[in-house]
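These are the residues of each chain, in order.
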Amino acid sequence: MPASTGPAERDVAVTVTVNGEPRRERVPARTLLVHFLREQLGLTGTHVGCDTTQCGACTVAMDGVAVKSCTVLAAQADGHEVTTIEGIGDAEGLHPVQRAFWAEHGLQCGYCTPGMIMAVRQLLADNPDPGDDEIRRGLAGNICRCTGYQNIVAAARAAATMLQES
Amino acid sequence: MYTADFAYARAGSLAGALELLAAAQARGEDVKLLAGGQSLLPMMKLRLAAPETLIDIGGVGELKGVTGGPAEGAEGAKTVIGALTTYRELERDPMITATFPAMADALAVLADSQVRARGTIGGCIAHADPASDLPAVLLALDATVTIAGGHGTREALLDDFLTGIYSTDLADDEIITAITVPAAPPGQAYEKFPQPASHLPLAGACAAVEIKDGTICRAGVAVTGVASRPYRPRDTERILASAPLTPSLLASAAAQAGGAEQGGDVRPLSDQHASGPYRLHLAEIMTLRALQRAVERASGNSSGKAGER
Ligand code: FES
Ligand code: FES
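None of the values given here were measured: they were computed from a predicted structure.

Visitor: Mind laying out the environment of Gly28(B), listing which residues take part and the relevant values?
Guide: Relative to the helices and strands, Gly28(B) resides in the loop between helix 1 (14–26) and strand 2 (31–34). Looking at Gly28(B), the relative accessible area reads 58%, which means it is exposed.

See below:
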């Protein structure tokens, strides 16, 4: 648990363990976690879509739970662990949810995809064998302007099967 | 989008938070408490709020978690929910969902999974959004709010605590510490008609009924999204109380859902999403649906399973 700070300050020192590595930066207090990740750490896989807590493009896992990083201050993540899309797999070893999106054509422009994948990961952690309705409800916080969602639901279902078989 | 600049401090305990709050106030600063931030940060980004100082209470462990409830005590035990308990924690707490099926209904349709992971029950009450789901459930269940301040602790009925759009009876030097829900009958349900983009209720209604020998012996009803604050439709509750459960009873009670509340006649909100008369119509329909499901559950009908939609 991060300790209490001293008196209020406009710049804060923040240490966040990002994808397993502790990263320490001094940032203005108003810095959002998504900007900390993208601009301070250069991890641009996490996207900013709406910036108003609606689209989910900025979804990352904080202490293992999916949150919208445009609606978390970097200072609130101080002392916590964050996993971004870069932390779950890479070109050589895609995460099963990434493989499922590829196999099922669960993306077109790809803008929503990192957030979708982080959200599906959470959905399947909470409910390893969801039905279509549960998938749609579970992804209510993520917007896609391209796919019409059909193939995203299919990808989530395929990922569930892959994860259960592995 | 960036918020306006502010100074940030993090409290490690309730006492520490109260101290930071008092100190900031003594310096004349415009100060806000930050819990999960799911309402406050969006407001700050839109510059609807621009506090000079933010006191982050998100890590204050003593304000988290659920105690009491039927499992831990005699029948009639109260459930005390720490103000910093998140929606996600509530949604995954089997005692909460079993004891308060209406809360399970609301938690299943409230915001989205990522927001529920950080949003807190205390933050929801303090924010006092007129279109927020959980306050309707808490109102119908006669919840009280525990508040700590420089001069000690006090208790307020939620119905008295909510005062209007984004406003409550919370003093500048006070912090909500817990929400207490008395023992409730199993016949309860929450129904909403969401605005499709925001998921906020254009109208939402919670009903809690206790039925003995075909007669409603206790009824709590609350409506949200319709007026400047969630309210209890007094005439609806009056019609239900001590009434034999006839086919027409629920409809005639629900017809009064837009009628009168504690402070007089309901003055419906009206905006680009829904006119006042439309909101009042939705209030009636949502109240009827909530009553029907609550009665089903009171009679042990499993088709009204909590959190199903
Ligand atoms: S950018 Fe965070 S929810 Fe859209
Ligand atoms: S693939 Fe383009 S926004 Fe989803």
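Let us keep going from here.
Visitor: I'd like to hear about the pairing of strand 5 (residues 79–82) of chain B, residue by residue, with values.
Guide: All names here are of chain B. In this sheet, strand 5 lies alongside strand 4 (residues 66–68) in antiparallel orientation, the contact comprising three bridges. Looking at strand 5, one finds that threonine 67 is bridged to valine 80. Looking at chain direction, strand 5 and strand 10 (residues 175–181) are connected through four bridges and run antiparallel. When the bridges of strand 10 are listed, valine 80 appears paired with threonine 180.

Visitor: Quick rundown of the domain arrangement of chain B? Include the residues and the values.
Guide: Residues and elements named next belong to chain B. With domains assigned, chain B is organised as domain 1 (7–56), domain 2 (65–182) and domain 3 (187–299). The partner domain 3 presents 25 residues to the 28 residues of domain 2 that form the contact. For the pair domain 2 and domain 3, the two sides together bury roughly 2,100 Å², of which 55% comes from carbon and sulfur. In this structure, aspartate 105 engages arginine 293 in a salt bridge whose closest nitrogen and oxygen atoms are separated by 3.7 Å. Along the contact surface separating domain 2 from domain 3 lie 16 residue pairs in polar contact (both at pLDDT 80 or more). For the side of domain 2 that touches domain 3, the secondary structure elements donating two or more residues are helix 5 (101–108), helix 8 (133–140), helix 9 (158–161) and strand 8 (162–164). Top contributing element to the side of domain 2 that touches domain 3 by residue count: helix 8, with six residues. Among the residues forming the side of domain 2 that touches domain 3, the class breakdown is 18 nonpolar, four polar and six charged.

Visitor: Hey, could you go over the packing of helix 3 (residues 113–126) of chain A against helix 5 (residues 150–165) of chain A for me, with residue numbers and the actual values?
Guide: Each pair of packed helices gets described by two things: the angle between the helix axes and the distance between those axes. All names here are of chain A. In contact at an axis separation of 10 Å, helix 3 and helix 5 are set at 50 degrees when each is read in the N-to-C sense. Relative to helix 5, the element helix 3 is oriented oblique. Helix 3 and helix 5 meet at a crossing whose hand is right-handed. Here Met116, Val120 and Leu124 of helix 3 lie close against helix 5, whose contacting residues are Ile152, Ala156, Ala159, Ala160 and Leu163. The residue inventory of the contact of helix 3 with helix 5, partitioned by class, reads eight nonpolar, no polar and no charged.

Visitor: How would you summarise the interface of chain A and chain B if you had to cite specific residues and measurements?
Guide: If you look at the interface, chain A gives 43 residues, while chain B gives 40 residues. Summing both sides of the interface, chain A and chain B together bury roughly 3,200 Å²; the carbon and sulfur share of this comes to 53%. Taken as a group, Arg10(A), Arg30(A) and Gln76(A) account for 20% of the area that chain A buries against chain B, more than any other trio of residues on that side. Connecting chain A to chain B are six salt bridges. Those elements that place two or more of their residues in the side of chain A that touches chain B are helix 1 (33–40), strand 3 (59–62), strand 4 (65–68), helix 3 and helix 4 (132–138) of chain A. When residues in the side of chain A that touches chain B are grouped by element, the largest group, four residues, is from strand 4 of chain A. Looking at the side of chain A that touches chain B residue by residue, the classes come out as 19 nonpolar, 15 polar and nine charged.

Quick notes on the rules
Each chain carries its own residue numbering, running from 1 in the written order of its sequence. Working convention: letters from A go to chains and numbers from 1 go to ligands, in the order in which they are written. Residues qualify for local features only when their pLDDT is at least 70, as the model is predicted, and side-chain atom pairs are given and counted only at 80 or more; totals for whole chains, interfaces and linings, by contrast, use all residues. The side-chain figures draw on all heavy atoms in the structure; neither hydrogens nor water molecules are used. Elements are defined by DSSP. Helices are runs of H or I of four residues or more, strands are runs of E of two residues or more, and each kind is numbered from the N terminus. The cut-offs for exposure are 20% and 50% of the maximum accessible area for each residue type, with area from a 1.4 Å probe on protein chains only; residues under the lower value are buried, those over the upper are exposed, and the others partly exposed. When DSSP finds at least two bridges between two strands, those strands are taken to pair. Here the limits of each domain have been adopted from an automatic or database domain assignment. It only takes one pair of heavy atoms within 4.5 Å for two residues to be counted as in contact. When two parts are brought into contact, each loses some accessible area as probed by a 1.4 Å sphere; the total of that loss over both is the buried area. Every case where a carboxyl oxygen of Asp or Glu lies within 4 Å of a side-chain nitrogen of Lys or Arg is listed as a salt bridge. Under the rule applied, a polar contact is a pair of N or O atoms within 3.5 Å (in protein, one hydrogen donor and one hydrogen acceptor; residues adjacent in sequence only if both atoms are side-chain atoms). Gly is placed with the polar residues, together with every amino acid not listed as nonpolar (Ala, Val, Leu, Ile, Met, Phe, Trp, Tyr, Cys and Pro) or charged (Asp, Glu, Lys and Arg). Here an axis means a line fitted to C-alpha atoms, over the contact stretch when the element is a helix, while the angle between two N-to-C directions is reported on a 0 to 180 degree scale. Roughly parallel here means an angle under 35 degrees, roughly antiparallel means over 145, roughly perpendicular means 65 to 115, and every remaining angle is called oblique. Each crossing is labelled by how the near helix is turned from the far one, with a counterclockwise turn of less than a right angle marking it left-handed and a clockwise turn marking it right-handed.

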